[in-house]
Amino acid sequence: MSLLSDLLNLDLSETTEKIIAEYIWIGGSGMDVRSKARTLPGPVSDPSKLPKWNYDGSSTGQAPGEDSEVILYPQAIFKDPFRRGNNILVICDTYTPAGEPIPTNKRAKAAKIFSHPDVVAEVPWYGIEQEYTLLQKDVKWPIGWPLGGFPGPQGPYYCGAGADKAFGRDIVDAHYKACLYAGINISGINGEVMPGQWEFQVGPAVGISAGDELWAARYILERITEIAGVVLSFDPKPIQGDWNGAGAHTNYSTKSMRNDGGYEVIKKAIGKLELRHKEHISAYGEGNERRLTGRHETADINTFLWGVANRGASIRVGRDTEKAGKGYFEDRRPASNMDPYVVTSMIAETTILWKP
């Protein structure tokens, strides 16, 4: 008699050319990843060769009941680490039947910015540091924490090892390998300052692909925590008090910044970001005011500061960049629940296209 695991691991290629495509999109809250699967006649590697599809937008908070059809446009393909074989994960964005992007489709506007000739010429690179917290399922309290109580103060947990310091490493490592398998350019992982909190990094990725890859990595993490019976939180300040919040620090460079004399270009770009600080903060994630307090390695939400190697700044420039006179900088303001399409395209728009 077959076990459930045997059937889940069936190799379809032994009996059929058909593959399973899991279509993934972002729901009405802007943070809920939704997905459903369909059978395709054979392997596909180009998103433009995939059929469009639809779903009931009234059940995701994206359309009224009397006109509920939302159309999925396939945009990026990744290998499926759950079904394996030739099966795929498909990152989609969302449109009305008339072909207009729906209001929660942030990818469409980002794609316009990234296809602007001035932006294309600058080949913008991104590296996103995605922090998150793992919570116990029924009590919504971080894993490894005593129920209703607190662990010892922060200090031993950051990049720590041991049963009393690192909670959830099996989930983190499974996610790391699944992302590499999928073809996501995940560049590392580490334990964070607050116990039960971790980080993965995606990049360097060029333009719109940074958003596609981060959303695919978030989806895979949601699926792995589902299997593990653990709740994934992207709340920027999951525990009040003397505990670090969760961010999505965004590292950025353009061709001009990476070339000789790039440090001057970086300083000009930071000057522009300072002038649009309020607009950026308003688009950098819900509840960020609970995290950006001027404590726990953050700058106060109303203050714009930049500095070399300063983790209490809004924008941090690395020592290596200062020394080489070229390189990249890190925007430390985005919250863990930011939309990478919004943040990456906004940074490009402000630093490349905006003329103050």
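Bear in mind the structure is a predicted one, so any value in this text is a computation, not a measurement.

Undergrad: Account for the overall build of the chain, with residues named and values stated.
TA: Looking only at helices and strands, the chain features 10 helices and 13 strands. Taken against the 2.2 N^0.38 rule, which gives 21 Å for 356 residues, the C-alpha radius of gyration of the chain at 21 Å falls within 12% of a compact globule. Along the first, second and third principal axes, the C-alpha set of the chain runs to 60 × 55 × 45 Å. Buried residues in the chain amount to 52% of all 356 residues. For the chain, restricting intrachain contacts to residue pairs at least 6 apart in sequence, the fraction spanning at least 24 positions comes to 64%. Of the roughly 16,400 Å² that the chain leaves accessible, carbon and sulfur atoms contribute 53%. Positive and negative side-chain charges in the chain, numbering 39 and 44 respectively, have mean positions lying 4 Å apart.

Undergrad: I'd like to hear about the nonpolar core, residue by residue, with values.
TA: By size, the foremost hydrophobic cluster in this structure holds 62 residues, and its most contacted members are Tyr132, Ile184, Ile220 and Phe329. With 9 residues, the top contributor of residues to this core is helix H5 (residues 209-228). Among residues more than four places away in sequence, those in contact with Tyr132 are Val172, Gly196, Gln197, Trp198, Glu199, Phe200, Leu221, Leu232, Ser233 and Phe234. Core analysis: the second largest hydrophobic core is formed by 15 residues, Trp53, Tyr55, Leu72 and Val90 among them.

Undergrad: Go over the UniProt feature "domain: GS beta-grasp" (unreviewed entry) in the chain, please, and point to the residues and values.
TA: The sites that carry the UniProt feature "domain: GS beta-grasp" (unreviewed entry) are, in the present numbering, residues 19-99. Measuring from the first to the last C-alpha atom of residues 19-99 gives 27 Å, for a span that is 0% helix and 48% strand.

Undergrad: Explain empty space enclosed by the protein to me, using residue names and the numbers behind them.
TA: Enumeration according to the criterion identifies 4 cavities of 30 Å³ or more in this entry. Quantified by volume, the largest cavity comes out at close to 80 Å³. Counting residues per element, the ones that place at least two in the lining of the largest cavity are strand E1 (19-26), strand E5 (88-95) and helix H2 (106-114). The element best represented in the lining of the largest cavity is E5, accounting for 3 residues.

Undergrad: A description of the environment of Gly241 should follow, citing residues and the corresponding values.
TA: The residue Gly241 is located in the loop between strand E9 (230-233) and strand E10 (248-253) in this model. The spacing of Gly241 and Tyr263 is 22 residues in sequence and 38 Å in space, taken between C-alpha atoms.

Undergrad: I'd love a proper account of the UniProt feature "domain: GS catalytic" (unreviewed entry) in the chain, names of residues and values included.
TA: Mapped onto the present numbering, the UniProt feature "domain: GS catalytic" (unreviewed entry) falls on residues 106-356. Along residues 106-356 the backbone is 37% helical and 19% strand, and the end-to-end C-alpha distance reaches 24 Å.

Undergrad: Lay out the packing of aromatic side chains with the relevant residues and their values.
TA: Applying the stated criterion across every chain, the model contains 12 aromatic pairs. Plain terms: the ring middles of Tyr132 and Phe200 are 6.0 Å apart, the flat faces sit at 50° to each other, and that makes the pair tilted. Residue Tyr132 is found in strand E6 (residues 125-136), and its partner Phe200 is found in strand E8 (residues 197-206); the two are separated by 68 residues along the sequence. Residues Tyr132 and Phe200 agree in their burial class; the two are buried. Taken together, the ring pairs connect Phe114, Tyr126, Tyr252 and Phe329 into an aromatic cluster. Just above the ring of Trp53 sits the side chain of Arg38; from NZ or CZ to the centre is 4.8 Å. Over the ring of Trp354 we find Arg276; its NZ or CZ atom is 5.4 Å from the centre of that ring.

What counts, and at which threshold
- Residues numbered from 1 in each chain as written.
- Predicted model: local features only at pLDDT ≥ 70, side-chain atom pairs only at ≥ 80, totals over all residues.
- Heavy atoms only, no water.
- Helix = DSSP H or I, 4+ residues; strand = E, 2+ residues; numbered from the N terminus.
- Rg over C-alpha atoms; globule rule 2.2 N^0.38 Å.
- Buried < 20%, exposed > 50% of the residue type's maximum accessible area, 1.4 Å probe, protein only.
- Contact = heavy atoms within 4.5 Å.
- Areas by Shrake-Rupley, 256 points an atom, 1.4 Å probe, with all protein chains shown as cover.
- Lys, Arg positive; Asp, Glu negative; His and termini not counted.
- Charge placed at Lys NZ, Arg CZ, Asp CG, Glu CD.
- Core = buried A, V, L, I, M, F, W, Y, C linked by side-chain atoms within 4.5 Å.
- UniProt positions renumbered as here; feature names shortened; annotations may be inferred.
- 1 Å grid on protein atoms, 1.4 Å probe; cavity = no way out; pocket = protein on both sides within 12 Å on 5 of 7 lines; lining within 4 Å.
- Points joined across faces, edges and corners; volume = space filled by probe spheres on them.
- Phe/Tyr/Trp six-rings, centres within 6.5 Å; stacked < 30°, edge-to-face > 60°.
- Lys NZ or Arg CZ within 6 Å of the ring centre and 35° of its normal.

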